[in-house]
Amino acid sequence: MTDRPAPGTPPRTPAGAPISAVVLDIEGTTGSADHVHTVLFPYARKRIAGWLAAHRGEPRWTEILDGVRAATGTPDLDEAGAAEALHAWADADVKAAPLKSLQGEIWAAGYADGTLYGHVYDDVPDALTRWRTAGIARHIYSSGSVAAQRNWFAHSNHGDLTGLIDGYFDLTTAGPKREADSYRTISRTLAVPPGRTLFLSDIREELDAAAAAGWRTAAVRRPDDPRGRSVEGHPVHGDLTGLHLPPAPPPPAA
């Protein structure tokens, strides 16, 4: 039994609802998907083998290799085999935790030396500031690692935005984004009722999973999105400018 709306019922809408927390996707929602696919992904892919060789034997290296071995079901996989699997996942954009962790490690160096930056749409800093003023918590949930998410916002084209974000969730801390249990995990961590949590994403399957966990949902489809502005079962916004949420309700009296 889930809280998903029955066919034919109006889509979920945050209008007038007491929202205590907003959870936002990154790619396509708060930042450019094109930047991820044409800049970040190729940057990391080209450096996979080199990173593994440079960090051989270190705890991070061991953690990634063990993750690849577990995911591929090959406990004796060597470094070369792990690199091959990671390259294949990168080419297919597989949301595999070991790949996402490694990408985050590689990107961190690029952010640190100024080669990379995180793309954030112009309306996002204002929205985060507006919600912070209203007492609404702001969290990020992406398939990219927590470290990669922090770096994206710390080294954004709008400067360091991490002060506007309360926390981050990824595949290892919450779970896959298209599974309702992942959103239930986040609800437990945040200690916020599902009905007071709003999820913003450009992916219908993610929004459906959040709705199945009882969350409120709204799709974000930017004007240049080739998929169009319709997302079945969810209200759609072209940006975050019009998302004026009511202030968070006060905590219950002790």
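Note on numbering: residues in each chain are counted from 1, in written sequence order. Local features in this predicted model are restricted to residues whose pLDDT is 70 or higher, and side-chain atom pairs enter the listing and the counts only when it is 80 or higher, whereas totals over whole chains, interfaces and linings include all residues. Calculation of side-chain values draws on the structure's entire complement of heavy atoms; hydrogens and water are dropped beforehand.

> Could you give an account of the confidence of the model for the protein, naming the residues involved and the relevant values?
The predictor attaches a confidence to each residue, and that confidence, scored 0 to 100, is pLDDT. Summary statistics for the protein give a mean pLDDT of 91 and a share of 92% for residues scoring 70 or more. The contact definition used throughout considers only heavy atoms, calling two residues in contact when any of these lie within 4.5 Å. A low-confidence stretch, residues 1-15 (pLDDT under 50), is modelled with 29 contacts involving residues beyond four sequence positions or located in other chains.

> Run through the sheet that holds strand β1 (residues 21-24), naming residues and quoting values.
A sheet is described by the order of its strands in space; here six strands give the open sequence β3-β2-β1-β4-β5-β6, paired in parallel fashion. The sheet is open, and its two edges are formed by β3 (167-169) and β6 (236-237), each paired on a single side. In this structure, β1 lies alongside strand β4 (residues 197-201), joined through four bridges in parallel fashion. Looking across to β4, one finds that V23 is bridged to F199. Between N-to-C directions, angles span 0 to 180 degrees; the directions come from axes that are lines fitted to C-alpha atoms, helices contributing only their stretch in contact. Numbering of helices and strands starts at the N terminus; helices are DSSP runs of H or I of at least 4 residues and strands are runs of E of at least 2. Its contacts with the sheet put helix α8 (residues 180-190) on β1, β2 (137-141), β3 and β4, and the angle it makes with β2 is roughly 145°. Note: two strands are recorded as paired if DSSP finds a minimum of 2 bridges between them.

> Mind laying out the packing of α8 against helix α9 (residues 204-212), listing which residues take part and the relevant values?
Interhelical geometry of α8 versus α9 gives an angle of 55° and a closest axis separation of 7 Å. Judged by the inter-axis angle, α8 sits oblique to α9. You can see that α8 and α9 cross each other, and the crossing is right-handed. Across from A180, Y183 and R184 in α8, the residues of α9 making contact are E206, A209, A210 and A212. Residue classes in the contact of α8 with α9 are distributed as five nonpolar, no polar and two charged. The labels follow the angle: roughly parallel below 35 degrees, roughly antiparallel above 145, roughly perpendicular from 65 to 115, and oblique for the rest. For any pair of crossing helices, the crossing counts as left-handed if the nearer helix is rotated counterclockwise from the farther one by less than a right angle, and right-handed if it is rotated clockwise. All residues other than Ala, Val, Leu, Ile, Met, Phe, Trp, Tyr, Cys, Pro, Asp, Glu, Lys and Arg, Gly among them, are scored as polar; the first ten of these are nonpolar and the last four charged.

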